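# Report on the structure
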Amino acid sequence: MFLYSVLLLVSACLAQETALVTGGFNGYESARDGCELLNSGCAVPSFPVVSNMTGGTNRAGRSDHVTHVTEDGVILSCGGESADGTDDFSCLSLDVATGSWVLHSILNFPRLKASSVALPGIGLMILGGFKQLSSELLPVGATEWEMGPTLPGTLEDNVYYGFCSIVLSPTEFMVIGGESGPIAGNLVQVYSAETGEWDRWEDLPVSRWGHACTRVGDLVIVAGGVTPSFTMMASTTVLDLNTRESREVGEMTSARAWFGMATIDGRVLAFGGMSPLKDSYENIMELDMETEEWVEQEETLGTGYGISSFASVVIQQNMICTP
């Protein structure tokens, strides 16, 4: 009976949600190759060196990339750049059985500070990035990238770089940010895979880029980032998906950009990121949805130091950790 209870407890722990944090930037090793779980549930292999003959940079570290999970359960890390600024076109998949990242595919275009969404039955999309209006689509089960929908606007007026995206429904996703100029980064646009058209919502009251966002129920939380005049922010905007109305709530405990945000088991968490002094945070904050104030958590990133410009994705812990 005792052994059975222990096995149930282990299974419950492994089934919990967490975030996989990959790569990023810190003050002493630049673009890093390290990867870890937000809750430090188990060890995660580091990125390998990928040859420039197969889309890589001949370096292991990467930052400003995307990490996502496909509908068929493939954990991918794609794009970004190495410490010397070389674009990384490679996509790595995490092979849990061998405990290593392996080459999965090669992107068609550089994707630096891009965003990603996955729609069921359609596939994984990597959206925008530095000097990019295009997107790339990886159909479910495929290993070759196709061209996806084009983001609205022109390269002269729109910068889909350091923006964020969320899934609204099985056929729709939202992008937040992506406008240049003195009033920038407050665009809210929704793409429908059924019609192939974009619907522009009312702009958010606060302009920002380098921010992060997450969805909790029918609310979208948008926080942090940089103003058009390059001042880092701590402010938080809540967008109601039903009314399309937004409001400002409590500020984060400190201003930051290029950080992670995720809804994990119903909790809105923000972690890591760059500070106004250009160093990196290792702390984790939670947005109390009742008081709408951010609360510092006792836990910190498992890196042992601050990181920014990393990629993260919510996963079930048992996708990586085994009993």
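Residues numbered from 1 in each chain as written. Predicted model: local features only at pLDDT ≥ 70, side-chain atom pairs only at ≥ 80, totals over all residues. Heavy atoms only, no water.

## What about the pairing of strand β5 (residues 66-69)?
Both faces of the sheet carry side chains from a regular strand, because those side chains alternate between them. Of the two faces of β5, the one lined by Val66 and His68 and the one lined by Thr67 and Val69 are each fully buried. Pairing of β5 with strand β6 (residues 75-78) involves four bridges; the strand directions are antiparallel. Residue pairing in the sheet places Val66 in a bridge with Cys78 of β6. What sits between β5 and β6 in their antiparallel hairpin is a turn of five residues, with Gly73 showing a positive phi close to 85°. (Buried < 20%, exposed > 50% of the residue type's maximum accessible area, 1.4 Å probe, protein only. Helix = DSSP H or I, 4+ residues; strand = E, 2+ residues; numbered from the N terminus. Pairing = 2+ DSSP bridges.)

## With respect to the packing of aromatic side chains
Tallied over the full model, the rule gives eleven aromatic pairs. Measuring from ring centre to ring centre gives 5.6 Å for Tyr160 and Phe163, while their planes differ by 70°; the resulting arrangement is edge-to-face. Accessibility classification places Tyr160 together with Phe163 in one group, the buried group. Judged by centre distance (5.3 Å) and plane angle (70°), the rings of Trp209 and Trp258 are edge-to-face. Pair noted here: Trp209 is in the loop between β16 (197-200) and β17 (212-216) and Trp258 is in the loop between β20 (246-249) and β21 (260-264), with a separation of 49 residues, a long-range link. On the basis of relative accessible area, Trp258 is assigned to the buried category, the value being 15%. (Phe/Tyr/Trp six-rings, centres within 6.5 Å; stacked < 30°, edge-to-face > 60°.)

## Regarding the nonpolar core
Ile221, Met252, Phe259, Met261 and Trp294 are the most contacted members of the largest nonpolar core, which has 22 residues in total. Secondary structure elements with two or more residues in this core: β17, β18 (219-223), β22 (267-271) and β23 (283-288). Ranked by residue count, the leading element in this core is β18, at three residues. Ranked by size, the runner-up nonpolar core spans 15 residues in total, among them Phe47, Ile75, Ile315 and Cys321. (Core = buried A, V, L, I, M, F, W, Y, C linked by side-chain atoms within 4.5 Å.)

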